[in-house]
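In case you want the letters, here they are:
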Amino acid sequence: MAKPKAQSPKSEVQSPKSAPAAPPYHPIAHGLSDDDFKHGKVCTTRWTADARYAWDRGVAIGRYLDGLKQGKLLGVRCAKCARIMIPPRAFCEWCFKPVDGWVELEDTGVVNTFSLCYVTWDVKRVKEPQVPAVIEIDGASRGMGIMHLLGGVDPKKVFCGMKVKAVWKPAAEREGAITDILYWKPL
Amino acid sequence: MGNRVAIVGVGMTKFVRRALETGKELSWLASKMALDSCGMTMDQIGCVALGTAPDTFDGVHMKGEYLSDGAGCWGKPYMRSYVGGGTGVFSVAQGWYHVASGMFDTCLVVCEEKMSTFQPHAQAAFLTIFDHTTERPLKPNLLWIFALEMNRYMTAYGLKKEDIARVAVKNKNNALDHPAAQIAAPVTIEDVLNSEVLAWPVQRLDVSPVSDGAVAVILANESVARRVTDKPVWIEGCGWALDTAYWTNRDLCYSRCVEEAARMAYKMAGVTDPRHQIHVAEPYDPFDYKELQHLEGLMLCGRGEAAQLTADGVTARDGELPVCPSGGLLGVGNPIAAAGLMKVAELFWQLRGEAGKRQIARKATRGVAQAWGDLMQVGTVVVLGV
Amino acid sequence: MSERIAVVGIGATQFRTITPDVSYKELMFDAAVRAYDNAGIDPRRDVDTFVTCAEDYIEGTSIFDEYVPDQLGAALKQVHTITGDGLHGVAAAVMQLRTGRFSLAVVEAHSKASNILTPDGVAACAQDPVYVRPLCLNSHFIAGLEMNRFCAESGVTPGQCAQVAVKNRGNALSNPIAGQAAKLTLEDFRHARPVALPLTELDVAQSVDGAVVVVLATESRARELRTKPVWLTGAGWCNGSPNLETRDWASPKYVTTAAAMAYKQAGITDPRHYFDFAEVDDTYTYKELQHLVALGLANACDVGRDVELGKTATKGKRPVNVSGGALGMGHMYECIGLARLYCAVQQLRGEAGMQQLDKARTAVVQAWRGVPTASAAVLTLAT
Ligand SMILES: [Zn+2]
C-alpha cells in the first residue's frame, strides 16, 4: 500500500477552486487518497515483474572482484593521462584507449563526503542511521573514490576528511563482491 | 542555419500524489490542452516527441510504446528520448531538432510520469539505477547520492542548512499561486529545519514529492508559429551534456555537465553574459540545494554564491533574477519528465506576460529552463526568448 | 536546403549467443573502437553528438543512459538515449545533422541478451498492464495472432514462412559475425516445437549478444574523411496502434507510412524496381514477408511464392537479408536495425566479402521493435 502522506500537514493547501488567478487555468487529473483504495472506490491490478538478470562481470570488474576476494583493492593505470583509477575499467574514458596496467591500492582512504541515512532503500525507517560515504582511496589519483558504508564509529563524529580503513570479511567468507568489505572504520 | 522554432501552445495536468488517470490518459489530457491553447488539432501535428523517465515506475517495459496513443502518435513519426531526470527539458531539445531539421513543420512534445504505480513506494525503484555489481549489493537509496552531494556542496562552500532551506521556502510559497501544484505550502525556514531527517543533511522539506502528471508543449517552425499565435516564444538555444558514469571519481560540489550544457545553449542563443542577458530562470530543484548548484552551473552567479543571492532576495519573484517563479519541483511537484517540461511551460507563460498572479515583477524577454539527472551527470538546458 | 547525410563509419563486434568474457561496457567499447577507426576519427575530438538506443528492462538497469558515455568516448559530451530501435537512433542523428548545428554523429545499440534470465518475463512487462497482462500469455502469442491473420489474408503458407528461415540462417553461414547460422531444411520444421501456432520455435529469431556503432556525417564533413561515403537518402519512422484491440493484424500500415516518408525524401517513386537489395526485419519468419509487402517491394499474393522461387535469395532478382537477417545473425533487441544497416553499408561499399552482391548500389533497411509494438523505422541508402 502507498506510504502515508509524504508531506507535512500543511501540504494539501490548494489554490482557490473558483477562477484561479494564474495558468494553467483548468488543470485536470484526479488525485486519489488512501481512503479511496480502502473503501474500494478504485480497483487496481497488481503485477510482480519476473525480470531477473545475471550480468557478466567482464575483464576489468571481474579482476577487481577477484582482488576483493583476496582482500586487495585493485586499480588501473592510464599512461597517457597518468591517472590511477578505481573502480577499474578496461579503457580510460578521457583518453579513449585501453588502460595500461593494474595497481594494487591501499585499503585505506579519506572520506570525501558522507550522509547519515535514516531510511533504507525500500523506504523503511531505521533508528541507527546507515552511513554511506564516498571514500577517496589511498594510492589512487586524487579524487578517485568509491561508494561504500562507514561503521564502527559514532555517526555524529564522522566528518569530511576523516581517514578510514576497510574492515574485511574473514577470508573464508569472501566471495568476490563489493560486500567482501563489511564497512570502513576510522583509522 | 537551421529553421527557427517556437513554442506556440502548452498544456498541463494537475500534479498529484496518485492519479486516477492512467499514464496514457494523463498524456492525452496534457496534449489536448496544449492543442486547445493554440487552436490546433492533431492532424496539424507532424510528429511527436515523448519524454518519460524510468519504466520501472509504471512497471511497463517499452513505456514509450505503451504511452504512444495517449500522446497522439497513432500513424505519426514518434520517438521517446530519455536522459533520466534531465528528460523533461531535453524533450524540448528533441522537439527542436525535429523541426529545426526542416523535416517537420510542427512537433507535439509530451512528458508524462506516473510514479505511484510502483509499490510500496517509488523510492525502491531507484535501487536499479546503481551499478549492478559495484553498488547495488550495498543496497543504496536514492537519498544517498543527494545527501552525499549536498554534504559535499555545503562543506566545499561552508554553507549552513538555513542557507539552503530558503530555496524550499521560496519555491513552496511561490507554488501557492500555481493551480496545478501538489505541495504548495506557506512553510518557513523553521519548518524546513524541523522537518524529519531522512538522510542528513537531507530533511523531509528539502525534497520534492513523488508525483503523477503530464505536460505537453507544441513546437512550430516560423511560418506556422506566426500563423497560429501573435506571441510565439522562440527556442533560442538548447544544450545537453552527459558526464562520466564514474560519479565517485567526480567532484560533487559542482555540476560540470550543467555548465557544459549551458555553454552549448548560450552559444546557440548568442548569450555571452548570462547574468545580465537571462531575465528569469527555472533551474531543476528536486532538492533545495540543487537550485543553488544549478544557478552556479548555469553561470548565473559564481561558484558558491547562489546561497547569498537567495538570501538577498535576488531570486524572489519580485527580485532582479526571479528563479523558479512557478514554485518548482519543490512546490508544484515532481513527476520527473513532466516536471522538467513544466519549467518550460512556466517560461512560456512568464515571457508572454500571461503568468497571472505568478507574473514576475521585472520585464523579461529571455529565460532559461534546466534539468539534470542520471547519476548526477546529465545537464539539459533550453533558452527561450520573445 | 540541407546537406546530404552519409554513413562514414561502421563497427561491430562478433554476435554470439553468450559473451561471458566481457561486460556490456567492454562489448560497446569494442564496437566503438572499430567504428571510429573505420571512419578515421577521434571521438573525444571530432564527434558532435551521440545517440544510444536501449531499453531499461532489457539492460536490467534503470536510466541505463547513465552507463553509456565512457565506453563511447562521449564523457561530458552531447549524448542522449532514444528508446527505440537503432534505426530510430539513426533518424534522430539525421535530424540533428540537418539542423546545421552538428556535422558528425554517432549511433550505438547493443544486446547483452544472454544476461536476461527471464526474457519472457521481461517481454510480458511490455503488455498493457490492465487489459492484457491478466491473461498471462507469453508475448509470442501476439506474433501467432498476426501470422495467422497475415497468412489468411495473403494466402502465404506456414511452409513459405519456413522457407524464410531456411534462406536467412543459410545466408548467415557466409557472414563471419553472424551468431545463429544454420543449415536448415523444411523437414526440420515438421519437428519444430510449437510456440503459438502457426508460429513454431524455428520461426522465431533467437537472441545473441553484440554491439554495433555507426558514424554519420554531413556531406561537407564526409568529404574531409578518408572513407567512401554511403548516402543516407531517406529516413522514415512511424507508430501504429499500441493496443492489440485496434490494430490491423494483416498489414503493418505504420511500416508503409514510414517507408513513404523515407521514399519521399529520397525521391523514390517506384520502390519495387528501385532497390538492388533489402535488409528488413525478420524477427519472426512471416515478418520478412509482411514487411516486404508493407515496404511496397512485393504483392501480398506473390510474396510467399517469391521466397519459394528464390527471388529473394542471394542469387535472386532482389536479394533480401543476404546478411542472414535477425534469424541468421541473431535477435539483438534494439540493435536489430543497426545490424541490418551495418551489413547493408558493407554491401554498398563492396566490402561484404563472401556475401558480396554483384549489384549493390541502392538498398532499403527496415526495423520493427518487436511484440507488442507497432513501431518501425525505414532508411534508404545509395552509393
Ligand atoms: Zn587516460
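For the structure itself, look to the data block above.
What comes next is a walk through the structure. Bear in mind that the values here come from a model prediction, so they are computed numbers and not experimental data.

### Details of the overall build of chain A
Turning to step 1, where the next piece is worked out: The helix and strand inventory of chain A stands at two helices and 11 strands.
Turning to step 2, where the next piece is worked out: Counting from the amino terminus, helix and strand elements in chain A follow one another as α-α-β-β-β-β-β-β-β-β-β-β-β.
Turning to step 3, where the next piece is worked out: Looking at chain A as a whole, 48% of its 187 residues qualify as buried.
Turning to step 4, where the next piece is worked out: Taking contacts inside chain A between residues at least 6 apart in sequence as the whole, the part at least 24 apart equals 51%.
Turning to step 5, where the next piece is worked out: Counting only carbon and sulfur atoms, one obtains 55% of the accessible surface of chain A, whose full area is about 9,600 Å².

### Topic: the side chain of His 291 of chain C
Residues and elements named next belong to chain C.
Turning to step 1, where the next piece is worked out: Along the polypeptide, His 291 turns up in helix 12 (residues 285–294).
Turning to step 2, where the next piece is worked out: Classification of His 291 as buried rests on a relative accessible area of 0%.
Turning to step 3, where the next piece is worked out: In terms of polar contacts, His 291 uses its side chain to reach the side chain of Gln 366, at 3.4 Å.
Turning to step 4, where the next piece is worked out: Non-local contacts of His 291, meaning those with residues more than four positions away in its chain, are made with Pro 252, Val 255, Asp 281, Gln 366 and Trp 368.

### Observations regarding helix 4 (residues 86–98) of chain C
Since one α-helical turn is 3.6 residues long, residues separated by three or four positions face the same way.
All names here are of chain C.
Turning to step 1, where the next piece is worked out: If you check helix 4, its first and last C-alpha atoms are 18 Å apart, about what 13 residues at 1.5 Å a residue would give, namely 18 Å.
Turning to step 2, where the next piece is worked out: Counting buried residues in helix 4 gives 12 out of 13 residues, a clear majority hidden from the surface.
Turning to step 3, where the next piece is worked out: Of the positions making up helix 4, those classed as buried are Gly 86, Leu 87, His 88, Gly 89, Val 90, Ala 91, Ala 92, Ala 93, Val 94, Met 95, Gln 96 and Leu 97.
Turning to step 4, where the next piece is worked out: Measuring from the backbone nitrogen of Leu 87 back to the side-chain oxygen at the start of helix 4 gives 2.8 Å, which picks out Asp 85 as the cap.

### Observations concerning the pairing of strand 1 (residues 5–12) of chain B
Residue and element names in this part refer to chain B.
Turning to step 1, where the next piece is worked out: Counted residue by residue, strand 1 has eight buried out of eight residues, so it is predominantly covered.
Turning to step 2, where the next piece is worked out: Where strand 1 lies against strand 8 (residues 233–242), two bridges are found, and the strand directions are antiparallel. Bridge pairing in strand 8 places Ile 7 opposite Val 233.

### Thoughts on the coordination of the zinc ion
Residue and element names in this part refer to chain A.
Turning to step 1, where the next piece is worked out: All of the protein donors around the zinc ion are Cys 78 (SG), Cys 81 (SG), Cys 92 (SG) and Cys 95 (SG); their distances to the metal are 2.2 to 2.3 Å.
Turning to step 2, where the next piece is worked out: Taken together, the four donor atoms surrounding the zinc ion define angles of 105 to 114° at the centre, an arrangement classified as tetrahedral.
Turning to step 3, where the next piece is worked out: In the primary structure, the donors to the zinc ion are separated according to the pattern C-x2-C-x10-C-x2-C. On the criterion of sequence distance, the pair formed by Cys 78 in strand 1 (residues 73–78) and Cys 92 in strand 3 (residues 91–92) is long-range, its members being 14 residues apart.

The rules behind the values
- Residues numbered from 1 in each chain as written.
- Chains lettered and ligands numbered in written order.
- Predicted model: local features only at pLDDT ≥ 70, side-chain atom pairs only at ≥ 80, totals over all residues.
- Heavy atoms only, no water.
- Helix = DSSP H or I, 4+ residues; strand = E, 2+ residues; numbered from the N terminus.
- Buried < 20%, exposed > 50% of the residue type's maximum accessible area, 1.4 Å probe, protein only.
- Contact = heavy atoms within 4.5 Å.
- Areas by Shrake-Rupley, 256 points an atom, 1.4 Å probe, with all protein chains shown as cover.
- Polar contact = N/O pair within 3.5 Å; in protein donor to acceptor, adjacent residues only side chain to side chain.
- Expected span 1.5 Å × (residues − 1).
- Pairing = 2+ DSSP bridges.
- Donors = N, O, S within 2.8 Å, 3.2 Å for Na, K, Ca; no water.
- Tetrahedral: all angles 85-135°; square planar, octahedral: opposite > 155°, others 65-115°.

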